Protein chains: 2
Amino acid sequence: MRNLDAHEDYRVDSHKLARQLSSLPGDFPKPKVDYPGPYGVIGYGEAWWPAQLAELWTGRLISEGGTQFVLQGGLDLGAAAGAAAAAKAGGARVVRVGFGDEVEVAIEPHPLSPYRYLRFLQEATGEARSGRQVDSALEKLTAELAPETPSEDNPAKIMAWNLLERLPVWVVSERYAGLAAALQQTFARIGKSLSITPPPGGLEFFVTALEARHEQGDPLVALVAGDDERTRLAVEVLQGRVDTVLQLPKPDAAGALSEMVAIWYFVAWTAYYLAILYGRDPSDGEVLARLREEA
Amino acid sequence: MRNLDAHEDYRVDSHKLARQLSSLPGDFPKPKVDYPGPYGVIGYGEAWWPAQLAELWTGRLISEGGTQFVLQGGLDLGAAAGAAAAAKAGGARVVRVGFGDEVEVAIEPHPLSPYRYLRFLQEATGEARSGRQVDSALEKLTAELAPETPSEDNPAKIMAWNLLERLPVWVVSERYAGLAAALQQTFARIGKSLSITPPPGGLEFFVTALEARHEQGDPLVALVAGDDERTRLAVEVLQGRVDTVLQLPKPDAAGALSEMVAIWYFVAWTAYYLAILYGRDPSDGEVLARLREEA
């Protein structure tokens, strides 16, 4: 059995993802010029979530005039280039962020890149204050969640043990719209494992989807973010239908955006420890580079 | 072993869902008055998908002036009433559709209700022609997919056998945005079974999420809708990673909207036969009525 407090079990982390997780707050490209508003943000590939988050404050995908940020998260099969051309024709200054063709602000493909896109966008669009709130929420977690903190004091290590050989189902408050899919993505890319996001009518789904459940499957675990009326009702429904219901820690953060990023960061650490428990490299650069060559 | 061509195995269908599936095309409430444009459509609970589909032609959730349709699909914890009040204050005529408080156009809670909401909306907003295209696409399928058609000629029965004790993963072309979650919902409500929708960055997910896959789980089956470049790439990635890749039949339908509803209808029939194979009632009225009382 692997030991999350033993140095040698971290050898599979050959690209030092733990170090990158620990130093994530503040690790993003800083804007070097001023970008005129209004702002539009559209994202592809791994950058879909930061684009969705940016819509919370820009209110738009496409900007007419002002600045259009096109987040090139890869595997877009030409769509990013098309969006950039359309925005240019609409009179916007186009700023391509990410990797690949004609990138002005480089962000390497990486399971932690959503943070980097988001923080760049915040600084570039006059949202630096809200950006500092995000960083402050993450900084409160870095020491507690790092490998040096022993299992009994490290909630991400404890959560990873709880998820071992289980199939998570994300139960996310409406306050955190879009977060479930972001957690599913990061849990896959770092933890190398499947998880399930419910459809929008989540409660009906939870009641019906487990009725014909045959017993060969991995035991399900409900992972709950938020505690509004709807998530409490979902937990009531799921208790008895799944193996365990676990609440993700309530983030010490200012506002829904910071809370979402803090929950995501906690799940990234949890997925990291799960990869260690499975003896898998928690990074994914090599396997995804092969995919990008094929695409 | 159950037999999809034996009458007695259909006894679990105590609410005659097969009959409702067969007679679905045309089975929706017809508008009795004219509704002035512009139109906004917002949907809750089980009506989330028809609201999303309506956005394809109305282009908006909220209408200022004109008519605001509020689809009351249940379990909204007061949100539908709030949206109705806000739209009224904005000067729109508010039409509440669905079930519950102050409903003007009644649509009962039902796993097939997305079709009924959609077709009512099409007739009510000047889209009757596109509505006839939807019905025409479904009518081409009703005889072929009905219980009277023996297994060897019935692709929904064959598909149900293929899904038995497997966990489907939906792989859906970008042409059909939002469809994967609708299929997941209907597969749960009728087939009483879990399935997995990928996050927006689907390709990275397919490559990474199965790496640590431990062998106790149900075998995965990829269910593919559409055949653009992205779905073909996904199939390439998934072959060898999942137990089987199955293509959903290409619908004989005019336009993306009709194609989506036809694929949904095929999956509803497949889920129906899966429920029969599991010996479960393919309807869900009773279990969801209990949930609504609790909420």
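For the structure itself, look to the data block above.
Residues numbered from 1 in each chain as written. Chains lettered and ligands numbered in written order. Predicted model: local features only at pLDDT ≥ 70, side-chain atom pairs only at ≥ 80, totals over all residues.

S.K.: Before we go on, may I ask you to explain the overall build of chain A in this structure?
M.R.: Check the secondary structure of chain A and you find eleven helices and seven strands. Since a compact globule built from 295 residues should have a radius of gyration of about 19 Å, the 20 Å found for chain A is in line with a globular shape. Taken along its principal axes, the extent of the C-alpha atoms in chain A is 55 × 45 × 40 Å. Within chain A, buried positions represent 53% of all 295 residues. (Helix = DSSP H or I, 4+ residues; strand = E, 2+ residues; numbered from the N terminus. Rg over C-alpha atoms; globule rule 2.2 N^0.38 Å. Buried ≥ 20, exposed ≤ 12 C-beta atoms within 10 Å, placed from the backbone.)

S.K.: When you look at the environment of Ser130 of chain A in this model, what are you seeing that I'm missing?
M.R.: Residues and elements named next belong to chain A. Mapped onto the elements of the fold, Ser130 is located in helix H5 (residues 128–145). Distance from Ser130 to Leu163, taken between C-alpha atoms, is 32 Å for residues 33 residues apart in sequence. When residues no more than four places from it in sequence are discounted, the contact partners of Ser130 are Gln122 and Leu257. (Contact = placed C-beta atoms within 7 Å.)

S.K.: Just to check I follow, could you spell out the environment of Leu210 of chain B for this structure?
M.R.: As for its placement among the helices and strands, Leu210 of chain B is situated in the loop between helix H8 (202–208) and strand S6 (220–225). Residues Leu210 of chain B and Leu220 of chain B, ten residues apart in the sequence, show an inter-C-alpha distance of 9.8 Å. When neighbours within four sequence positions are excluded, Leu210 of chain B is seen to be in contact with Leu194 of chain A together with Arg241 of chain B.

S.K.: Sorry, what's going on with the sheet that holds strand S4 (residues 105–106) of chain A here?
M.R.: To summarise the sheet geometry, strands pair through backbone hydrogen bonds and adopt either a parallel or an antiparallel arrangement. All names here are of chain A. Spatially, the four strands line up as an open sheet ordered S1-S2-S3-S4, and their pairing is parallel. Each end of this open sheet is capped by a strand with a single partner; those strands are strand S1 (39–45) and S4. As defined by bridge partners, S1 adjoins strand S2 (residues 67–73) across seven bridges and the pair is classed as parallel. Within the sheet, the bridge partner assigned to Tyr39 lies in S2 and is Thr67. Here helix H2 (residues 48–58) sits on the sheet in contact with S1 and S2, set at roughly 160° to S1. (Pairing = 2+ DSSP bridges. Axes fitted to C-alpha atoms, helices over the stretch in contact; angles between N-to-C directions.)

S.K.: Even after reading the chapter, I still don't get the pairing of strand S6 (residues 220–225) of chain A, so can you show me in this structure?
M.R.: Two faces, one strand: in a regular strand the side chains alternate between the faces of the sheet. All names here are of chain A. Most of S6 sits out of view: five of its six residues are buried. With six bridges connecting them, strand S5 (residues 167–172) and S6 associate as parallel partners. Pairing of Leu167 across the sheet is with Leu220, part of S6. Read from S6 through helix H9 (residues 229–238) to strand S7 (residues 244–247), the crossover connection turns out right-handed. (Right-handed = clockwise from strand over helix to strand, strands pointing away.)

S.K.: I would appreciate a short explanation of the pairing of S2 of chain A in the present structure.
M.R.: Residues and elements named next belong to chain A. Of all seven residues in S2, seven are buried; the element is thus mostly enclosed. Residues Thr67, Phe69, Leu71 and Gly73 line one face of S2 and the alternating positions Gln68, Val70 and Gln72 line the opposite face, and both faces are buried. Across six bridges, the pairing between S2 and strand S3 (residues 93–98) is parallel. By the bridge assignment, Phe69 is partnered in S3 with Val95. Handedness of the β-α-β unit built from S2, helix H3 (residues 79–89) and S3 comes out right-handed.

S.K.: Sorry, what's going on with the packing of H5 of chain A against helix H10 (residues 255–278) of chain A here?
M.R.: Pairs of packed helices are described in terms of their axes, by the angle between the two and the distance that separates them. Residue and element names in this part refer to chain A. Taken N-terminus to C-terminus, the directions of H5 and H10 make an angle of 30°; their axes are 9 Å apart at the nearest point. Classified by the angle between their axes, H5 and H10 sit roughly parallel to one another. By crossing handedness, the relation of H5 to H10 is classed as right-handed. Contacts from Ser130, Gln133, Val134, Ala137, Leu138, Leu141 and Leu145 in H5 reach Gly255, Leu257, Ser258, Val261, Ala262, Tyr265, Phe266 and Trp269 in H10. (Parallel < 35°, antiparallel > 145°, perpendicular 65-115°, else oblique. Left-handed = near helix turned anticlockwise from the far one by under 90°.)

S.K.: Would you mind going over the relation of the copies chain A and chain B with me for this structure?
M.R.: Two chain copies here: they are related by a rotation about an axis and a translation along the same axis. For the pair chain A and chain B, the best superposition has an RMSD of 0.0 Å and corresponds to a rotation of 180° with a translation of 0.0 Å parallel to the axis. Put plainly, the chains are arranged around a two-fold axis. (Least-squares fit on C-alpha atoms with pLDDT ≥ 70 in both.)

S.K.: Explain the interface of chain A and chain B to me, please; I cannot follow it from the model alone.
M.R.: Note on interface size: it is often stated as the accessible area lost on association of the parts. Contact residues are listed per partner, giving 47 residues for chain A and 46 residues for chain B. Within the residue set of the side of chain A that touches chain B, elements represented by two or more residues are helix H7 (179–191), helix H8 (202–208), H9, H10 and helix H11 (285–294) of chain A. Partitioning the side of chain A that touches chain B into residue classes produces 24 nonpolar, twelve polar and eleven charged. (Nonpolar A, V, L, I, M, F, W, Y, C, P; charged D, E, K, R; others polar.)

S.K.: I'm lost on the nonpolar core in this one. Help?
M.R.: Generally speaking, a soluble globular protein has its nonpolar side chains buried in company with each other. Grouped together as the largest cluster of nonpolar side chains are 194 residues, with contacts concentrated most on Val261 of chain A together with Val261 of chain B. Apart from residues lying up to four places away in sequence, Val261 of chain B is in contact with Tyr115, Leu118, Val134, Ala137 and Leu138 of chain B. (Core = buried A, V, L, I, M, F, W, Y, C linked by C-beta atoms within 7 Å.)

S.K.: Whenever I open this one, the sheet that holds S6 of chain A confuses me. Can you help?
M.R.: All names here are of chain A. Across the sheet, three strands lie side by side as S5-S6-S7; this open sheet has parallel pairing. What marks the edges here is a single partner per strand, and that holds for S5 and S7. For this sheet the average axis-to-axis angle between neighbouring strands, irrespective of direction, equals 25°. Against the sheet, helix H6 (residues 155–163) touches S5, S6 and S7, its axis set at about 160° to S7. In this fold H7 packs onto S5 and S6, with an angle of close to 155° to the strand it touches most, S5.

S.K.: Explanation requested: unusual backbone geometry in the structure shown.
M.R.: Residues and elements named next belong to chain A. Omega for the bond connecting Gly37 with Pro38 falls within 30 degrees of zero, at -5°, which places this linkage in the cis form. For Glu165, which is not glycine, the phi torsion reads 55° and is therefore positive. Here Glu165 shows up in the loop between H6 and S5. Residue classification places Glu165 among the partly exposed residues on the basis of 14 C-beta atoms within 10 Å.

Worth remembering: the numbers are spatial, not functional.
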